[in-house]
Amino acid sequence: MKPQSQRSRRRPAGGPDGPGAGPSLPVWRADNPGRHLVAMLAVAVTLGIAVSGRAQTPEPPRTAWGDPDLGGVWDYSSLTPMARPPEFEGKPVLTEEEAAEYLRQQTQFYEALDDGSTVPGNEIHTRVFIDAGTTLVLDRRSSLIVDPPTGRQPALVDGAAARMAANPSSFSQGPFESHRDFGLTDRCLASIGFPIVPGPYNNNIQIFQTPDHVAILAESMSMVRIIPLDGRSPSGVPQFGGDGRGHWDGDTLVVESTNFDGILTMLATEPRRLVERFTRVGDRIEYELTVDDPETWETTWTARVPFRQTAGPVFEYACHEGNYALENMLRFARAAERDALPDPR
């Protein structure tokens, strides 16, 4: 279906019927003042609801051509976990006291990296690398995942766990015969900003807009996605990072990505379909992602991540220039093989 023009998407000021338009006022009739009073009360209630609705959902800033302005640098760091922790099972929203205690525990967890102690799962990091954020989401949700209601990813289908565990990674048992035995993050080829979910550091993106394209730059691994908004169909060609197509649904930018080539295992797998929604609310963007992959999960799942506007800048992520680890891991693997050989003497 051909998308609406930019002009037709723009919302006229004053109401749905144009400048100054609003509910029709009843005509006074002297022969039925009671009916007139009821009608006037109905109009007052209608106007009150409209005004209240506008107060709760402020008009987003707009581009020169009328679309909501998503441009700029956005920080999506958060200490709210992706999946709901077991101690909060059945509790989608935390009390103020629970949120404060969880935030204290998470802050303490990262500060422990400073004293030289080993933190399980973070042996490769020191505190200087960590910038995971200092806050939880404003509504105190216990997880970024909002669907299923459990706040956790759905059950895996048969065979999915083994397939995900077989992904190349420096955390696997090897063997490490070449660079292809390592993951894309080890090789500086992945994107830690697609989809846009919080990680240990570099939780920044920059968005650029034109009337017919949106470009999203992820700071980590410096990946850029260029998304057409002109209604063209997906190419059908499998691509690294998929083939994204966008359109406006009211004031929400919807991006649907398909045709993943299976290489960029951003969620330990590449989904069949990824739908992202970007909604500007004041100085924030409400970002929502829905993952559809029946070969991995029994049902779809959805997470919601808030973006905060920041002055930036987005720094260069010079991964290749400092990637001594890949060469050293291969060198260590060869040394381990030599050590395993029988002594020739």
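Since we're looking at a predicted model, the values are computed, not measured.

Participant: It is not clear to me how the overall build of the protein should be interpreted in this structure. Could you clarify?
Facilitator: Scanning the protein from N- to C-terminus turns up 5 helices and 10 strands. Residue burial in the protein is summarised as follows: out of 345 residues, 36% are buried. For the protein, the share of sequence-separated contacts (at least 6 apart) that also reach a separation of at least 24 residues comes to 57%. Per element, the accessible surface of the protein, about 20,100 Å² overall, is 56% carbon and sulfur.

Participant: I'm lost on the side chain of aspartate 186 in this one. Help?
Facilitator: With respect to the helices, strands and loops of the structure, aspartate 186 is situated in the loop between α4 (160-165) and β3 (204-209). The side chain of aspartate 186 is buried and forms no salt bridge, while arginine 187, the nearest opposite charge, is found at 8.0 Å. At a separation of 2.9 Å, a polar atom in the side chain of aspartate 186 contacts the side chain of serine 170. A distance of 2.9 Å separates the side chain of aspartate 186 from the backbone nitrogen of glycine 183, its partner in a polar contact.

Participant: How should I be thinking about the pairing of strand β7 (residues 252-258) in this particular structure?
Facilitator: One face of the sheet, then the other: side chains in a regular strand alternate in exactly this way. Judged by how many residues are buried, β7 sits mostly within the fold: 6 of 7 residues are covered. Strand direction decides the pairing type here: strand β6 (residues 243-249) and β7, joined by 7 bridges, are antiparallel. Residue pairing in the sheet places tryptophan 248 in a bridge with leucine 253 of β7.

Participant: When you look at the pattern of salt bridges in this model, what are you seeing that I'm missing?
Facilitator: Pairing between side chains of opposite charge can happen when the charged atoms of each approach one another. Within this structure, the stated rule accounts for 18 salt bridges. Arginine 62 is the salt-bridge partner of glutamate 59, the closest N and O atoms lying 2.6 Å from each other. Its relative accessible area of 27% is what places arginine 62 among the partly exposed residues. The closest approach of N and O atoms between arginine 331 and glutamate 327, which form a salt bridge, is 2.6 Å. Here the residue arginine 331 and the residue glutamate 327 both occupy positions in helix α5 (residues 324-340), the gap between them amounting to 4 residues, near one helical turn. Through salt bridges that share partners, Glu59, Arg62 and Asp251 make up one connected network.

Participant: What is the right way to look at the state of the cysteines in this model?
Facilitator: This structure, assessed with the given rule, holds 1 disulfide. Disulfide partner of cysteine 188: cysteine 319, at an S-S distance of 1.9 Å. The S-S bond linking cysteine 188 to cysteine 319 shows a torsion near -70 degrees; that makes this disulfide left-handed. Placement of cysteine 188 in the loop between α4 and β3 and of cysteine 319 in the loop between β10 (301-310) and α5 is noted, with a sequence separation of 131 residues between them.

Participant: What's the story with unusual backbone geometry in this structure? I'm lost.
Facilitator: Outside of glycine, negative phi angles account for most residues, and trans bonds account for most peptide bonds. The omega torsion of the bond from aspartate 147 to proline 148 falls at 10 degrees, within 30 degrees of zero and hence cis. Secondary-structure assignment places proline 148 in the loop between β2 (145-147) and α4. With omega at 5 degrees, the peptide bond leading from glycine 174 into proline 175 counts as cis. Within the element layout of this structure, proline 175 appears in the loop between α4 and β3. The backbone phi angle of asparagine 202 is positive, close to 55 degrees, even though this residue is not glycine.

Reading guide: rules and limits
- Residues numbered from 1 in each chain as written.
- Predicted model: local features only at pLDDT ≥ 70, side-chain atom pairs only at ≥ 80, totals over all residues.
- Heavy atoms only, no water.
- Helix = DSSP H or I, 4+ residues; strand = E, 2+ residues; numbered from the N terminus.
- Buried < 20%, exposed > 50% of the residue type's maximum accessible area, 1.4 Å probe, protein only.
- Contact = heavy atoms within 4.5 Å.
- Areas by Shrake-Rupley, 256 points an atom, 1.4 Å probe, with all protein chains shown as cover.
- Lys, Arg positive; Asp, Glu negative; His and termini not counted.
- Salt bridge = Lys/Arg side-chain N within 4 Å of Asp/Glu carboxyl O.
- Polar contact = N/O pair within 3.5 Å; in protein donor to acceptor, adjacent residues only side chain to side chain.
- Pairing = 2+ DSSP bridges.
- Disulfide = S-S within 2.5 Å.

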